[in-house]
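Observations on the three-dimensional arrangement
This is what each chain is made of:
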Amino acid sequence: MASEDVVGKTSATIANLAEEAKIASEGVKAPSRHALLSICKSLVAGGVAGGVSRTAVAPLERLKILLQVQNPHAIKYNGTIQGLKYIWRTEGFRGLFKGNGTNCARIVPNSAVKFFSYEEASKGILWLYRQQPGNEDAELTPVLRLGAGACAGIIAMSATYPMDLVRGRLTVQTDKSPSQYRGIAHALATVLREEGPRALYKGWLPSVIGVIPYVGLNFAVYESLKDWLIKTKPYGLAEDAELSVTTKLACGAAAGTVGQTVAYPLDVIRRRMQMVGWKHAASVVTADGKSALEYTGMVDAFRKTVRYEGFGALYKGLVPNSVKVVPSIAIAFVSYEVVKDLLGVEMRISD
């Protein structure tokens, strides 16, 4: 009898476990087709926003990089207007957009991942924040948006960093460079062969450190400014819960100005570290005008840049970058929202 009781209890336990497993499996549903379609549309919207905004300011983007890495003993570019005229005179119209194809190949997936990651990070961070006692009905604050933007920036930067390095080198080389990268694939293969896999992530650390305030502030300022305008409705800028395209562009411009000013020195250091180890580089910063500087790391790059060229070197190219960033960020944010509206995807940032 005792053995029959044990068998009976065991059978009942197994039956209960099977029933619980069945209920649990029924509760776990695969992502619906609608959810997957929404994710794809969100990624498409982010990619389109990145491609449109970056192409619109491609000449200024190239000039910024040339100013960042040019030899201080052989100045070619003295400012925004002069620099653009010099590129036009020496390389023609195509020279203004050199490296833009590579840039778009990088920025489209970067922007897609960044916008999507921001939405998902915002929801995750808000959910965690609401788990704290007293915060059950909390909404996204500027600080929470800053954190979500930083997460999105790190993920997007890390995922597409090799393309950023290649884009920088393609942008810097000229027709007079002894060695030419013929395109994205050739540049990637050449770097891998001559410098090794680690070279694809040269300058990654200052890039990640710089992207935290840059992308974080971009999203935090843009979203918080929009919320403030909708709630306060100053000067009649908001109608109900909607802002005009012009007002959204202004919000994006403010966000871009704040973010790039804070993070710009790290962008200069990143770009210089990317050029180290590149044989036959057309223009790399040098200490004496003859031999190229070698950097052992981010701190060393900061130290040598300030020692040989002064603190102002950390802001080389800031003017064309400012002229570029303001419309670029503004166009990116507005393009993202417009494309999502056209695709019929509900905005989920503040869910």
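Per chain, the residues get numbers from 1 upward, laid out in the order the sequence is written. Given that this is a predicted model, residues contribute local features only at a pLDDT of at least 70 and side-chain atom pairs are listed and counted only at 80 or more, while totals for whole chains, interfaces and linings are drawn from all residues. Only hydrogens and water are removed before side-chain values are computed, so all heavy atoms of the structure are retained for them.

**Focus: the overall build of the protein chain**
- Helix numbering and strand numbering both begin at the N terminus, where a helix is a DSSP run of H or I of at least 4 residues and a strand a DSSP run of E of at least 2. From N to C terminus, the protein chain includes 11 helices and 2 strands.
- N-terminal to C-terminal, the α/β element order of the protein chain is α-α-α-α-α-α-α-α-β-β-α-α-α.
- Buried, partly exposed and exposed residues are distinguished by accessible area as a fraction of the type maximum, computed with a 1.4 Å probe on protein chains only: under 20%, between the cut-offs, and over 50%, respectively. A buried classification covers 47% of the 351 residues belonging to the protein chain.
- Summarising the internal contacts of the protein chain: among those between residues at least 6 apart in sequence, 77% fall at separations of at least 24. The criterion used for residue contact is that any of the two residues' heavy atoms lie within 4.5 Å.

**Section: the nonpolar core**
- Counting residues in hydrophobic clusters, the biggest one holds 22 residues, and the most contacted among them are Phe115, Tyr118, Phe219, Tyr222, Phe333 and Tyr336.
- Elements with a minimum of two residues in this core: helix 2 (33-56), helix 5 (100-130), helix 6 (142-172), helix 8 (204-232), helix 9 (245-275) and helix 11 (318-343).
- Those residues in contact with Phe219 that lie beyond four places of it in its chain are Lys114, Phe115, Tyr118, Arg145, Gly149, Ser224 and Phe333. Nine residue types can take part in a nonpolar core, namely buried Ala, Val, Leu, Ile, Met, Phe, Trp, Tyr and Cys, and a core is a set of them joined through side-chain atoms within 4.5 Å.

**Digging into the packing of aromatic side chains**
- When the centres of two rings from Phe, Tyr and Trp lie within 6.5 Å, Trp using its six-membered ring, the rings pair. Their planes under 30 degrees apart give stacked, over 60 give edge-to-face, and anything left gives tilted. For the structure shown, the criterion picks out 12 aromatic pairs.
- Ring geometry for Phe115 and Phe219: centres 5.6 Å apart, planes at 80°, overall edge-to-face. Placement of Phe115 in helix 5 and of Phe219 in helix 8 is noted, with a sequence separation of 104 residues between them.
- On the basis of an interplanar angle of 20° and a centroid distance of 6.2 Å, the ring pair of Tyr264 and Tyr315 is categorised as stacked. Highlighted residues: Tyr264 in helix 9 and Tyr315 in the loop between helix 10 (298-309) and helix 11, separated in sequence by 51 residues.
- Take Tyr264: its relative accessible area is 1%, and that puts it in the buried class.
- The partly exposed category is assigned to Tyr315, whose relative accessible area is 28%.
- Among the aromatic side chains, those forming a connected cluster through ring pairs are Phe115, Tyr118, Phe219, Tyr222, Phe333 and Tyr336.

**Notes on the environment of Leu314**
- Inspection of the secondary structure puts Leu314 in the loop between helix 10 and helix 11.
- Each C-alpha atom, one on Leu314 and one on Ile269, is 7.5 Å from the other, the two residues being 45 residues apart in sequence.
- Apart from residues no more than four positions distant in its own chain, Leu314 is found in contact with Tyr264, Pro265, Val268, Ile269, Phe302, Thr305 and Val306.

**Remarks on the packing of helix 8 against helix 11**
- Axis lines are fitted through C-alpha atoms, for helices just across the contact stretch, and the angle between N-to-C directions can take any value from 0 to 180 degrees. At a minimum axis distance of 12 Å, the contact between helix 8 and helix 11 shows a crossing angle of 60°. The orientation of helix 8 relative to helix 11 falls into the category oblique. In this structure, helix 8 crosses over helix 11, and the sense of that crossing is right-handed. Contacts from Tyr214, Asn218, Phe219, Tyr222 and Lys226 of helix 8 reach helix 11 at Val325, Ile329, Phe333 and Glu337. Convention used here: angles under 35 degrees read as roughly parallel, angles over 145 as roughly antiparallel, angles from 65 to 115 as roughly perpendicular, and any remaining angle as oblique. Throughout, a crossing is termed right-handed when the near helix is turned clockwise from the far one, and left-handed when it is turned anticlockwise from it by less than a right angle.

**A closer look at a nonpolar patch on the surface**
- A cluster of nonpolar residues, Val44, Val48, Val52 and Leu343, forms a patch on the protein surface that exposes about 270 Å² of accessible area.
- A per-element tally of the nonpolar patch places helix 2 first, with 3 residues. Each patch is built from residues that are more than 30% exposed by relative accessible area and take part in no salt bridge. Like charges join if they lie within 9 Å; nonpolar side chains (Val, Leu, Ile, Met, Phe, Trp, Tyr) join within 5 Å. Computed by Shrake-Rupley with a 1.4 Å probe, the accessible areas treat only the displayed protein chains as cover when residues are assessed. For salt bridges, the criterion is a side-chain nitrogen of Lys or Arg within 4 Å of an Asp or Glu carboxyl oxygen.

**Brief notes about the pattern of salt bridges**
- If you walk through the whole model with that rule in mind, you get 18 salt bridges.
- Of the charged contacts, one joins Arg130 and Glu139 as a salt bridge, the two residues approaching to 3.5 Å between their closest N and O atoms.
- Where Lys202 meets Glu195, a salt bridge forms, and the shortest distance between an N and an O atom there is 3.1 Å.
- For Lys202, a relative accessible area of 23% gives the class partly exposed.
- A single salt-bridge network, built from bridges that share partners, covers Glu61, Lys64, Asp164, Asp267 and Arg270.

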